[in-house]
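If you want the building blocks of each chain, they are given just below.
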Amino acid sequence: MNKDLRREQITLLKFEKKLEELAQSFAAARPTVARTDSALAAPVASDGYEQVRLGIISLSNALSEAHTAIKTRADELGVRTADAFGLPKRDPYGAIRSILGSS
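Residue indices begin from 1 for each chain and proceed along its sequence in written order. Confidence filtering applies because this is a predicted model: local features only for residues at pLDDT of at least 70, side-chain atom pairs given and counted only at 80 or more, and all residues used for totals across whole chains, interfaces and linings. Note that the side-chain values use all heavy atoms of the structure and ignore hydrogens as well as water.

A. Unusual backbone geometry, seen in detail. In this structure, Ala 41 takes a positive phi of about 55° despite not being glycine. Helix and strand labels come from DSSP, where a helix needs a run of H or I of at least four residues and a strand needs a run of E of at least two; each type is numbered from the N terminus. Tracing the sequence through the fold places Ala 41 in the loop between helix H2 (30-40) and helix H3 (44-77). Whether a residue is buried, partly exposed or exposed follows from its accessible area with a 1.4 Å probe, protein chains only, as a fraction of its type maximum: under 20%, in between, or over 50%, in that order. Residue Ala 41 is classed as exposed on the basis of its relative accessible area, which comes to 71%.

See below:
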């Protein structure tokens, strides 16, 4: 069971890293979205941007809940989970919201 939990945790951590990279790239596109809206004189690009931004934030929330579930299960079994050299793990939901801006 310990190996299964660790494997799941490692998979979540890899996904978290990819999601954070996606959020950073996506946030960098914001000025282009604003220019497109200005050129079209309509919030077409902004509407789509906002929908995707909220989707990424929703994924980060689900990821945070999955981390919590693994930690809870590990605590129930008396198993240690991977940590960041003894430092508290940051919350993916908070990190992504920080990158993309909260709503």
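B. Quick look at the side chain of Glu 16. Mapped onto the elements, Glu 16 comes out in helix H1 (residues 2-28). The exposure class assigned to Glu 16 is buried, which follows from its relative accessible area of 8%.

C. Broad picture of the pattern of salt bridges. Whenever Lys or Arg places a side-chain nitrogen within 4 Å of a carboxyl oxygen from Asp or Glu, that contact is recorded as a salt bridge. If you walk through the whole model with that rule in mind, you get five salt bridges. Linking Lys 17 and Glu 21 is a salt bridge whose minimum nitrogen-to-oxygen distance equals 3.9 Å. You can see Lys 17 and its partner Glu 21 sitting in helix H1, four residues apart, about one turn around the helix. Note on Lys 17: relative accessible area 55%, which makes it exposed.

D. Examining the packing of H3 against helix H4 (residues 92-100) more closely. Packing of H3 against H4 brings their axes to within 7 Å, and their N-to-C directions diverge by 160°. In terms of orientation, H3 and H4 fall into the roughly antiparallel class. Where H3 crosses over H4, the handedness of that crossing is right-handed. Here H3 contributes Arg 53, Ile 56, Ile 57, Ser 60, Asn 61, Leu 63, Ser 64 and His 67 to the contact with H4, which in turn contributes Pro 92, Tyr 93, Ile 96, Arg 97 and Leu 100. The residue makeup of the contact of H3 with H4, split by class, is seven nonpolar, four polar and two charged. Inter-axis angles, ranging from 0 to 180 degrees, are taken between N-to-C directions of lines fitted to C-alpha atoms, where helices are fitted over the stretch in contact. For this classification, under 35 degrees means roughly parallel, over 145 means roughly antiparallel, 65 to 115 means roughly perpendicular, and everything else is oblique. Here a crossing is taken to be left-handed if its near helix is turned anticlockwise relative to the far helix by less than a right angle, and right-handed if that turn runs clockwise. Residue contacts follow a heavy-atom distance rule, with two residues in contact if any of their heavy atoms lie within 4.5 Å. Put simply, Ala, Val, Leu, Ile, Met, Phe, Trp, Tyr, Cys and Pro go in the nonpolar bin, Asp, Glu, Lys and Arg in the charged bin, and everything else, Gly too, in the polar bin.

E. Up close: the nonpolar core. Ranked by size, the top nonpolar core spans 15 residues in total, and within it Leu 19, Ala 23, Phe 26, Ile 56, Ile 96 and Leu 100 carry the most contacts. Broken down by secondary-structure element, the contributors of at least two residues to this core are H1, H3 and H4. Among the elements that take part in this core, H3 stands out by supplying six residues, more than any other. Those residues in contact with Ala 23 that sit more than four places away from it in its chain are Ile 56, Ile 96, Ile 99 and Leu 100. To form a nonpolar core, buried Ala, Val, Leu, Ile, Met, Phe, Trp, Tyr and Cys residues must be joined to one another through side-chain atoms within 4.5 Å.

Read these as layout, nothing more, since geometry by itself doesn't imply function.
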